[in-house]
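# Fold and geometry: a report
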Amino acid sequence: MQGFLGRTMLARMRALTALPPALAAAIAFSCGHDARVASPATSEVPPSAANSNGVAPPAASAAGSAAVAGASSASPVAPPPIDGALPSPEALTLSTKASCPAKTCRLEGSLLDALLGAPDNRSPAGIWEEDLGAGAAVSFARRTDVDVLGITLAGSVTLASDEAKGGDAELTPWHAFIAPGGGITLRAKGGPARFVLIVVTAGEAPAAKVAATKASAWTSRPSRIASVDLTMLPDLAWGKGAYHARIGFGGDVSAHASLGILKMSAEGVVSPHVHEKEWEHMAILQGEGDFIQGNGDEEHTLHGSDGVIFSVAPGTRHQWKPAGSRSFLGIQVYTPPGPEQRFKKLAAAP
């Protein structure tokens, strides 16, 4: 397995449901990346709901303009308001996991390919939870075709860039970062740490396909690394306080991906809508309900609960019907950015 440094590296593996047991065992033995998947955690749907010209049906387009519900005809009773503050993320987790217990694990080549999904996965992004042992680190090679994003859930992580000496950024819980072009090392500081990692391709090519190709290294970073404390960002609320969003990064920071937090009441419905040009990726940190995708005979449902991750291709009609048991909290990524800006308009509406 290529891409690992250090004489005493422990095996690093990624056991995705798409990997056969024999391959998963081989990865575990040679690479030391321990992965644990509690349940199938990814869902991708082709853009079957769009018309032949790529334009969604009128009903879906109208719902898309409203984006997140709050004014859904399927929900005549307004959902109750909730506190928009972010809870402690210590107990939040994803079902798609990987770990580096010691030393430095270099995420590139075959391993990164395995982390980003099955060969037929068309998604331009991969999302998983990374667990680091005390003092352990993961690093990404410099690639002009990949951006790396993340959010710390527990512990403390230092972010060091390849081109800078010293001045490492410290990322504590709910701190997010984006590193255009990769070329970073993330190290657990003062004990174990957990964080969500997101790898996005700088284009429309499937992330897994890009990872399997030879890296095109940069000498000058495509754009600056940015970090932010999500708890300090404006709480964009609408629906009389039943819906809340925080935009960590948008198109002004990255041309390839946005990153934000979406929080909704336990009864908060997301009306059917379509993003005609953008992929939507959601990692559910807390909540339960049905994620319905497609249209007509091709419509199908994914039951979403804590830890589930799903991706929606452009032109695909989708909606969220909550179970009504718990409020919803999720990490939302759009590739490319754009749809997240509607939250500002919703929050500004009277």
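First, a word on scope: everything that follows refers to the structure included in this document. What you see as residue numbers is a count from 1 along each chain, following the sequence as written. Confidence filtering applies because this is a predicted model: local features only for residues at pLDDT of at least 70, side-chain atom pairs given and counted only at 80 or more, and all residues used for totals across whole chains, interfaces and linings. Based on all heavy atoms of the structure, the side-chain values leave hydrogens and waters out of the count.

## Observations regarding the sheet that holds strand β14 (residues 270-273)
The pairing of strands in a sheet comes from backbone hydrogen bonds and takes either a parallel or an antiparallel form. Only when DSSP finds a minimum of two bridges between them are two strands counted as paired. Counting from the N terminus, the helices are the DSSP runs of H or I reaching at least four residues and the strands are the DSSP runs of E reaching at least two. Spatial ordering of the open sheet is given by β14-β19-β16-β17, a layout of four strands whose pairing is antiparallel. Only two strands of the sheet have a single partner each, and these edge strands are β14 and β17 (300-304). The mean angle between the axes of side-by-side strands here comes to 20°, regardless of whether they run parallel or antiparallel. Pairing analysis gives two bridges linking β14 to strand β19 (residues 318-322), with the strands arranged antiparallel. Residue pairing in the sheet places H273 in a bridge with H318 of β19. All axes are obtained by fitting lines to C-alpha atoms, using only the stretch in contact for helices, and the reported angles, taken between N-to-C directions, cover 0 to 180 degrees.

## What about the pairing of strand β12 (residues 243-249)?
Only protein chains enter the accessibility calculation, which uses a 1.4 Å probe; a residue whose area is less than 20% of its type maximum is buried, one above 50% is exposed, and one in between is partly exposed. Of all seven residues that make up β12, seven are buried, and the element is covered over most of its length. For strand β11 (residues 236-238) and β12, the ladder comprises three bridges, and the chain directions are antiparallel. Its bridge partner being in β12, L236 is matched across the sheet by A245. Adjacent in sequence and paired antiparallel, β11 and β12 are bridged by four residues, among which G239 carries a positive phi angle near 60°. The pairing of β12 with strand β13 (residues 258-264) spans six bridges and is antiparallel. By the bridge assignment, I247 is partnered in β13 with G260.

## Thoughts on the nonpolar core
Grouped together as the largest cluster of nonpolar side chains are 31 residues, with contacts concentrated most on W128, V138, F140, F177, L186 and L197. Counting residues per element, this core draws most heavily on strand β8 (residues 175-188), at five residues. By nonpolar core we mean a set of buried residues, namely Ala, Val, Leu, Ile, Met, Phe, Trp, Tyr and Cys, connected to one another through side-chain atoms within 4.5 Å. Counting 29 residues, the second-largest nonpolar core is a separate cluster that includes A176, V228, L259 and I261.

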